[in-house]
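Here is what each chain is made of, one letter per residue.
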Amino acid sequence: MMTREEYFESLRKLNLKVYMFGELVENPVDNPIIRPSLNSIGMTYELANQPEYEDLMTATSSLNGQKVNRFTHLHQSTEDLVKKVKMLRLLGQKTGSCFQRCVGMDANNAVFSTTYEIDEAYGTNYHENFKKFLNDVQLKDLVVDGAMTDPKGDRSLSPSKQADPDSYLRVVERRPDGVVVRGAKAHQTGIVNSHEVLVMPTIAMKPDDKDYAISFAVPTDSEGIFMIYGRQSCDTRKTEEGADIDLGNKEFGGHEALVIFDNVFVPNERIFMNGETEFAGMLVERFSGYHRQSYGGCKVGVGDVLIGATALAADYNGAAKASHVKDKLIEMTHLNETLFSCGVACSCEGCKTKSGNYIIDLLLANVCKQNITRFPYEIVRLAEDIAGGLMVTLPSEKDFNTAELKPYIEKYLVGVEGVSVEDRMRIMRLIENISLGTAAVGYRTESMHGAGSPQAQRIMISRQSNLEQKKELAKNIANIKKD
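Residues numbered from 1 in each chain as written. Predicted model: local features only at pLDDT ≥ 70, side-chain atom pairs only at ≥ 80, totals over all residues. Heavy atoms only, no water.

- You'll find the protein entered in an unreviewed UniProt entry as 4-hydroxyphenylacetate 3-hydroxylase family protein, with Ruminococcus gauvreauii given as the organism.

## Remarks on the sheet that holds strand β9 (residues 214-219)
Phase 1 of the analysis: Taken in spatial order, the four strands of this open sheet run β5-β8-β9-β12, and their pairing is mixed. Both edges of this open sheet fall to β5 (144-147) and β12 (271-274), since each of them pairs with a single strand only. Within this sheet the neighbouring strands show an average axis-to-axis angle of 20°, counted without direction. (Pairing = 2+ DSSP bridges. Helix = DSSP H or I, 4+ residues; strand = E, 2+ residues; numbered from the N terminus. Axes fitted to C-alpha atoms, helices over the stretch in contact; angles between N-to-C directions.)

## Considering the UniProt feature "domain: HpaB/PvcC/4-BUDH C-terminal" (unreviewed entry) in the protein
Phase 1 of the analysis: The sites that carry the UniProt feature "domain: HpaB/PvcC/4-BUDH C-terminal" (unreviewed entry) are, in the present numbering, residues 280-478.
Phase 2 of the analysis: Note that residues 280-478 is 74% helix and 2% strand, and that its end C-alpha atoms are spaced 42 Å apart. (UniProt positions renumbered as here; feature names shortened; annotations may be inferred.)

## With respect to helix α14 (residues 421-435)
Phase 1 of the analysis: Compared with an ideal rise of 1.5 Å per residue, which puts 15 residues at 21 Å, α14 spans 21 Å between its outermost C-alpha atoms and is within 8% of the ideal.
Phase 2 of the analysis: Three or more residues of α14 are buried, namely Val 421, Arg 424, Met 425, Ile 427, Met 428, Arg 429, Leu 430, Ile 431, Glu 432, Asn 433, Ile 434 and Ser 435.
Phase 3 of the analysis: Against α7 (280-317), α10 (375-387), α11 (390-393), α12 (397-400), α13 (406-412) and α15 (444-449) lie the buried residues of α14. (Expected span 1.5 Å × (residues − 1). Buried < 20%, exposed > 50% of the residue type's maximum accessible area, 1.4 Å probe, protein only. Contact = heavy atoms within 4.5 Å.)

## Details of the pattern of salt bridges
A side chain of one charge can pair with a side chain of the opposite charge if their charged atoms are brought near each other.
Phase 1 of the analysis: One pass over the structure, following the stated rule, counts 36 salt bridges.
Phase 2 of the analysis: For Arg 270, the salt bridge identified is with Glu 196, shortest N-O distance 2.9 Å. Taken together, the residues Arg 270 in the loop between β11 (257-267) and β12 and Glu 196 in strand β8 (residues 196-199) connect sequence positions 74 residues apart. A single burial state applies to Arg 270 and to Glu 196, both of which are buried.
Phase 3 of the analysis: If you follow the salt bridges from partner to partner, you end up with Arg 4, Glu 5, Glu 46 and Glu 251 in one network. (Salt bridge = Lys/Arg side-chain N within 4 Å of Asp/Glu carboxyl O.)

## Describing the nonpolar core
Phase 1 of the analysis: Of all hydrophobic cores here, the largest spans 64 residues; its most connected members are Val 181, Phe 216, Met 227 and Phe 261.
Phase 2 of the analysis: Broken down by element, this core gets its largest block of residues, six residues, from helix α5 (residues 102-122).
Phase 3 of the analysis: Once you skip the residues sitting within four places of it in the chain, Phe 261 turns out to touch Leu 169, Val 181, Arg 182, Gly 183, Ala 184, Lys 185, Val 197, Val 199, Phe 216, Gly 224 and Ile 225.
Phase 4 of the analysis: Counting 42 residues, the second largest nonpolar core, distinct from the first, contains Ala 313, Phe 340, Met 391 and Met 425. (Core = buried A, V, L, I, M, F, W, Y, C linked by side-chain atoms within 4.5 Å.)

## Points about the side chain of Lys 369
Phase 1 of the analysis: In this fold, Lys 369 is placed in helix α9 (residues 362-372).
Phase 2 of the analysis: Engagement of the side chain of Lys 369 in a polar contact is seen with the backbone oxygen of Gly 450, the distance being 3.0 Å.
Phase 3 of the analysis: In this structure, Lys 369 is in contact with Arg 292, Tyr 295, Glu 446, Ser 447, Met 448, Gly 450, Ala 451, Gly 452 and Gln 457, ignoring residues within four places of it in sequence. (Polar contact = N/O pair within 3.5 Å; in protein donor to acceptor, adjacent residues only side chain to side chain.)

## What about the UniProt feature "domain: HpaB/PvcC/4-BUDH N-terminal" (unreviewed entry) in the protein?
Phase 1 of the analysis: Per the UniProt annotation, the sites labelled "domain: HpaB/PvcC/4-BUDH N-terminal" (unreviewed entry) are residues 3-273.
Phase 2 of the analysis: Helix makes up 30% of residues 3-273 and strand makes up 21%, while its end C-alpha atoms are separated by 33 Å.

## Description of the packing of helix α8 (residues 323-348) against α9
Phase 1 of the analysis: Interaxial distance between α8 and α9 falls to 8 Å at its minimum, and their mutual angle equals 165°. Accordingly, the angle class assigned to the pair α8 and α9 is roughly antiparallel. Between α8 and α9 lies a crossing whose hand is left-handed. For the pair α8 and α9, contact is made by Leu 339, Cys 342, Gly 343, Ala 345 and Cys 346 and by Leu 364, Ala 365, Cys 368, Asn 371 and Ile 372, respectively.
Phase 2 of the analysis: Of the residues contributing to the contact of α8 with α9, the split by class is eight nonpolar, two polar and no charged. (Parallel < 35°, antiparallel > 145°, perpendicular 65-115°, else oblique. Left-handed = near helix turned anticlockwise from the far one by under 90°. Nonpolar A, V, L, I, M, F, W, Y, C, P; charged D, E, K, R; others polar.)

## Observations concerning the environment of Leu 362
Phase 1 of the analysis: In this fold, Leu 362 is placed in helix α9.
Phase 2 of the analysis: Taking the relative accessible area as the measure of exposure, Leu 362 reaches 14% and is therefore buried.
Phase 3 of the analysis: A C-alpha to C-alpha distance of 10.0 Å links Leu 362 and Arg 463, two positions 101 residues apart in sequence.
Phase 4 of the analysis: Leaving out residues up to four positions away in the same chain, Leu 362 has contacts with Glu 285, Gly 289 and Gln 464.

## Quick notes on the sheet that holds strand β1 (residues 18-20)
Sheet strands associate in pairs through backbone hydrogen bonding, adopting either a parallel or an antiparallel arrangement.
Phase 1 of the analysis: The six strands lie next to each other as β2-β1-β10-β11-β7-β6, forming an open sheet whose pairing is mixed. Strands at the two margins of the open sheet, each flanked by one partner only, are β2 (23-24) and β6 (170-175).
Phase 2 of the analysis: Bridging between strand β10 (residues 225-229) and β11 involves five bridges; their strand directions are antiparallel. Counted as the bridge partner of Met 227 is Val 259 from β11.

## Looking at the side chain of Thr 58
Phase 1 of the analysis: Within the fold, Thr 58 resides in strand β3 (residues 58-60).
Phase 2 of the analysis: With relative accessibility at 7%, the residue Thr 58 sits in the buried group.
Phase 3 of the analysis: Here Glu 54 takes part through its backbone oxygen, which lies 2.7 Å from a polar atom of the side chain of Thr 58.
Phase 4 of the analysis: Residues contacting Thr 58, with those up to four places away along its chain left out, are Met 1, Ala 48, Lys 67, Val 68 and Arg 70.

If you want it as structure tokens, here you go:
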């Protein structure tokens, strides 16, 4: 397994093509806007090398018998699924942000089981292709970006019926040694910090969509791939001279990007689906289920940080003993632990796939994510309520450090005795960062749309709810005779 420093150096060797604010980024690793997201992934390496976290952060590979980072692991039991959720909560607590590596882990497990069943149906060699790819990922401890979301164009039309056929990533040329693909993947979490990109179709498909039913993996610096970095609230604060207090979370962050595939060649040995449209829905369903489980860990860990920051704000404001403040903190904790309970529940109820790895209970995973689309918003609302308006009207750090202004800021922004104004500012900025700023992409907003929109989960809940069986239960209790 790599160390944190070895991971950073491995990214320096990549020739990534990243655009930000209309310009090509010369050094993504040390760019002040990108670096906090890199540090978040670095924590997945740092903790994996610490003995006290070994049980959560590492596992024994089913492919090669080696100790590997759990983010590259194929789940071998319901215990593995539970440890995944606990690992994600731990990392959320350590970073207070998105650590980006979950998507690749979830994609790996979904593609592994789906390729097995495609091979079973068609006699293809996709599963062996994927096992070789993943074995390499495990032995080198690589970061994999799971790429599912297409831009989609006109949502009322299927991929093959779009005015612009590139609205969904597709095969534009088939060669004896591979395929050439063109299109884009949107909202790609952590792509700039990844070694490999694992592409999957984004929706269930019909026979006419054969060119769009494609899954493959290529290095992120492959010819034809470039990235347009996503804009975040307060992102340029990271470039300000002496920025510290104003950042709220100086060391850690997340990112998203639009990834363009401009006629990218994919060799045959890196292809895991190629036109088997009837399996596209299975792959989407399994990946989405795993990723919706993930939110029961990562969002809860960040929630722990936000609850702690809110409790500190109440202490610093002199409001901690107020009964309504205590009650609101209880409510925040109740909502956060409910989310964790859902993540654990869908893990405990998981089952073995034909390929041998384990999948979560899909109904409970979708219930978990449906709650994620709601509860973090209420947790944030309560945090903002307790913190007060100062959270968004604080003077800047430069004002605070200006000689003629500092005495007035310290005089009029003082809270309880014994707490410095600087500490009060720091905790307010942390709440702002998680609620509204650059960490919001990994907490509040992503809670709504990450792993699919709320309606996507409701559709899956409807499919998995087994209403007919519930009707029969009611008939039996009511003594209604069967026809």
